[in-house]
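Overview (structure and organization)
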Amino acid sequence: MNTDQRFVVTIARELGSGGRTIGRKLAARLGVRYSDKDLINTLVKEFNLSVGEIERIKGRRSNWLTDFLERIAPLPTTDTQLGAHGDEFVRAVTSDTLYEAECAVLKDLAKEESLVIAGRSAFFILDGFPNKIDILIVSEMKNRIARVMERYGVDEKTAVAKIKEADAQRENFVKHYAKVSRYDARNYDMTLYADEISEDDAVELILRYIQMKP
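Quick caveat: nothing in here was measured; it's all calculated off a predicted structure.

Right, let's talk about helix 1 (residues 19-30) for a bit. Compared with the 16 Å implied by 1.5 Å per residue over twelve residues, the 16 Å span of helix 1 between its first and last C-alpha is a close match. Of all the positions in helix 1, only Gly19, Ile22, Gly23, Leu26 and Ala27 are classed as buried. Along the long axis of helix 1, the arc covered by the buried residues comes to 135 degrees, so they all point the same way. Looking at the buried residues of helix 1, the elements they touch are strand 1 (8-13), strand 2 (33-35), strand 3 (115-118), strand 4 (132-138) and helix 10 (199-212). In the stretch just after helix 1, Gly31 is the one whose phi turns positive, near 70 degrees.

Moving on: the layout of surface pockets. What the largest pocket holds in volume is close to 960 Å³. What lines the largest pocket is a set of 41 residues, and nearest its centre among them are Arg13, Leu15, Arg20, Tyr152 and Arg170. Secondary structure elements with two or more residues in the lining of the largest pocket: strand 1, helix 1, helix 2 (37-47), helix 3 (51-59), helix 7 (122-125), helix 8 (141-152) and helix 9 (156-178). Residue contributions to the lining of the largest pocket peak at seven residues, all from helix 9. Looking at the lining of the largest pocket residue by residue, the class counts come to 13 nonpolar, twelve polar and 16 charged.

A few words now on the packing of helix 8 against helix 9. In a packed pair of helices, the relevant descriptors are the angle between the two axes and the axis-to-axis distance. In the contact formed by helix 8 and helix 9, the axes pass within 9 Å of each other and the chain directions differ by 110 degrees. As the angle between them shows, helix 8 and helix 9 are arranged roughly perpendicular. On helix 9, the residues that touch Met141, Arg144, Ile145, Val148, Met149 and Tyr152 of helix 8 are Glu156, Ala159, Val160, Lys162, Ile163 and Asp167. Considering only residue class, the contact of helix 8 with helix 9 consists of eight nonpolar, no polar and four charged.

Scanning the model with the defined rule gives twelve salt bridges in all. A salt bridge links Asp167 to Arg144; the shortest N-O distance between them is 2.8 Å. Of this pair, Asp167 sits in helix 9 while Arg144 sits in helix 8, placing them 23 residues apart in sequence. Given the relative accessible area of 15%, Asp167 is considered buried. Relative accessible area serves as the criterion here: at 3%, Arg144 is assigned to the buried category. Several salt bridges share partner residues, and in doing so they unite Glu14, Arg144 and Asp167 into one network.

Cut-offs and rules
- Residues numbered from 1 in each chain as written.
- Predicted model: local features only at pLDDT ≥ 70, side-chain atom pairs only at ≥ 80, totals over all residues.
- Heavy atoms only, no water.
- Helix = DSSP H or I, 4+ residues; strand = E, 2+ residues; numbered from the N terminus.
- Expected span 1.5 Å × (residues − 1).
- Buried < 20%, exposed > 50% of the residue type's maximum accessible area, 1.4 Å probe, protein only.
- Arc of directions from axis to C-beta.
- Contact = heavy atoms within 4.5 Å.
- 1 Å grid on protein atoms, 1.4 Å probe; cavity = no way out; pocket = protein on both sides within 12 Å on 5 of 7 lines; lining within 4 Å.
- Points joined across faces, edges and corners; volume = space filled by probe spheres on them.
- Nonpolar A, V, L, I, M, F, W, Y, C, P; charged D, E, K, R; others polar.
- Axes fitted to C-alpha atoms, helices over the stretch in contact; angles between N-to-C directions.
- Parallel < 35°, antiparallel > 145°, perpendicular 65-115°, else oblique.
- Salt bridge = Lys/Arg side-chain N within 4 Å of Asp/Glu carboxyl O.

As structure tokens, then:
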């Protein structure tokens, strides 16, 4: 891959795989911007929602909107009470609107400069983007649990629950919009099993692959 021109490296990763740290270190070695929370923070500001709520919205199936509205803004009992403002609110927080905003932010970032993007479904949102490499980082469940326990300061049961919830939400989102599984290795240029090597070694492998790829 020609790193003298603008390029993008996307990193899809399992929660607790160490992918975020690998992404940060890779960006530092490449001397480019690293992006993960930039996108979610933009969505938070635009829709005035919490990070957790956005992630839950993205991961839910077709009935998510009813549950969401009933929890934070119960609908009035008559159409006249709902009015135009209620209609606008429903439109504003749909998962499709969030997805469109996510696509716009990612594409704007990629057009501006070279960068490493961790998560955020960039591997398919930026499909066809020139000079792009897509990487998937996975890890054994026991190691994912240990990382999540350490990072969030939670017990094993809570860590397992967080991992399962994140896995389901992310898979639902990718299947809905990309029509593929996020675990299908054919989506990526490189799939990296992160348990047998250090994060620094993982970065070295990715750099070597970048240098080799035409």
